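Survey of secondary and tertiary structure
What follows is each chain in one-letter form.
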Amino acid sequence: MSKKNKNILWLLAPLLMPAAAAAQSSGTNEWLSFGYDAQRSGWNSAETTLSPANVKRLKLLWNSQLPTTPQDTALSTLTSPLVAQVDGKTRLFTVGIDDTLYALDADSGKIVWQKGFPNTGKPVRAPNTNCAGTEQATPVIDQKKGVIYFTTSDGKLRGLSLANGAEKLTPQPFVAPNSRNWSLNLINDVIYTAAGRGCGGDAAQPIEPGSVSAMDVNDPAHPQLSRFLTGRGRPAGPWGRGG
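Residues numbered from 1 in each chain as written. Predicted model: local features only at pLDDT ≥ 70, side-chain atom pairs only at ≥ 80, totals over all residues. Heavy atoms only, no water.

**Observations regarding the side chain of Ser153**
Where we set the bar: Runs of H or I in DSSP of at least four residues are treated as helices and runs of E of at least two as strands, each being numbered from the N terminus. In protein, a polar contact requires one atom able to donate a hydrogen and another able to accept it; more generally it is a pair of N or O atoms within 3.5 Å, and residues adjacent in sequence count only if both atoms are side-chain atoms.
Tracing the backbone shows Ser153 in the loop between strand E8 (147-151) and strand E9 (156-161). Polar side-chain contacts of Ser153 include one of 2.6 Å to the side chain of Asp99.

**With respect to the pattern of salt bridges**
Inclusion rule: Salt-bridge detection follows one rule: a side-chain nitrogen of Lys or Arg within 4 Å of a carboxyl oxygen of Asp or Glu. Relative accessibility under 20% of the residue-type maximum defines a buried residue, over 50% an exposed one, and the middle range a partly exposed one, all with a 1.4 Å probe and only protein chains included.
Per the counting criterion, the structure on display carries three salt bridges. A salt bridge links Asp105 to Arg91, with the nearest nitrogen and oxygen atoms 2.8 Å apart. Of this pair, Asp105 sits in strand E5 (residues 100-105) while Arg91 is found in strand E4 (residues 89-95), placing the two residues 14 residues apart along the sequence. Here Asp105 and Arg91 have matching classes, each one buried. Put simply, Lys145 and Asp189 hold a salt bridge, and the shortest N to O gap is 2.9 Å. Taken together, the residues span a long stretch of sequence, with Lys145 in the loop between strand E7 (140-142) and E8 and Asp189 in the loop between strand E12 (185-187) and strand E13 (190-196) at a distance of 44 residues. On the accessibility criterion, Lys145 (38% relative accessible area) is partly exposed. Of the residues examined, Asp189 reaches a relative accessible area of 22% and is grouped as partly exposed.

**As for the pairing of E5**
Keep this limit in mind: What makes two strands pair is DSSP finding at least two bridges between them.
Taken across its six residues, E5 has six buried, putting it largely inside the fold. Burial of E5 is two-sided: the residues Thr100, Tyr102 and Leu104 facing one way and the residues Leu101, Ala103 and Asp105 facing the other way are all buried. Relative to E5, E4 runs antiparallel, the two sharing five bridges. The residue bridging Thr94 from the neighbouring strand is Tyr102, located in E5. Connecting E4 to the next strand, E5, in antiparallel fashion are four residues, including Asp99 with a positive phi near 65°.

Laid out in structure tokens, this is it:
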């Protein structure tokens, strides 16, 4: 994909359904995690709009070019978009490689709000396509709490309000800075991610071990971190962007 369109979101109708499925009950077609659910099934069983008869009639509703600048070393400028109902409106959420979280209106593609969290730290190795040092992990949404959880390239886990981006979680170190951690998963108030390829680290920890990290966010003021190390050298560790 060229630089020109790597930071463009596209919406096809009725795939994300703001108009075509307006009559459906609120939340039935939300996409709150990479792969739709905690099992990464990729199947929205509540989808009733698409069928073999009408799928050929998909058409472009809008595209939106976001201000995040593409980089040659980052294979994806934006994380996979998530879809959630917020105050009766459909919103799309994505994180850019510049650590900016965007909330877009699904009917128009316009940015509703955005929050940036610049990483001022220096990576321990030069960026490349295997280890870009940028944020790549798809966030996860807790619809009951109205919170989107995501990591930034400084290695911190953050949680913001779906409605306006207000901070709902005390930011916590979760993975090594500039790591290649994978899409977040949420089960029973615990956020999970895995890191591999040994991409991360800083002056204090130049070697990033492969790991599976879990953060209990039941008490957002005092999150609890657990970590299982799968290996201590490069490029050991679990791979796979599904998480």
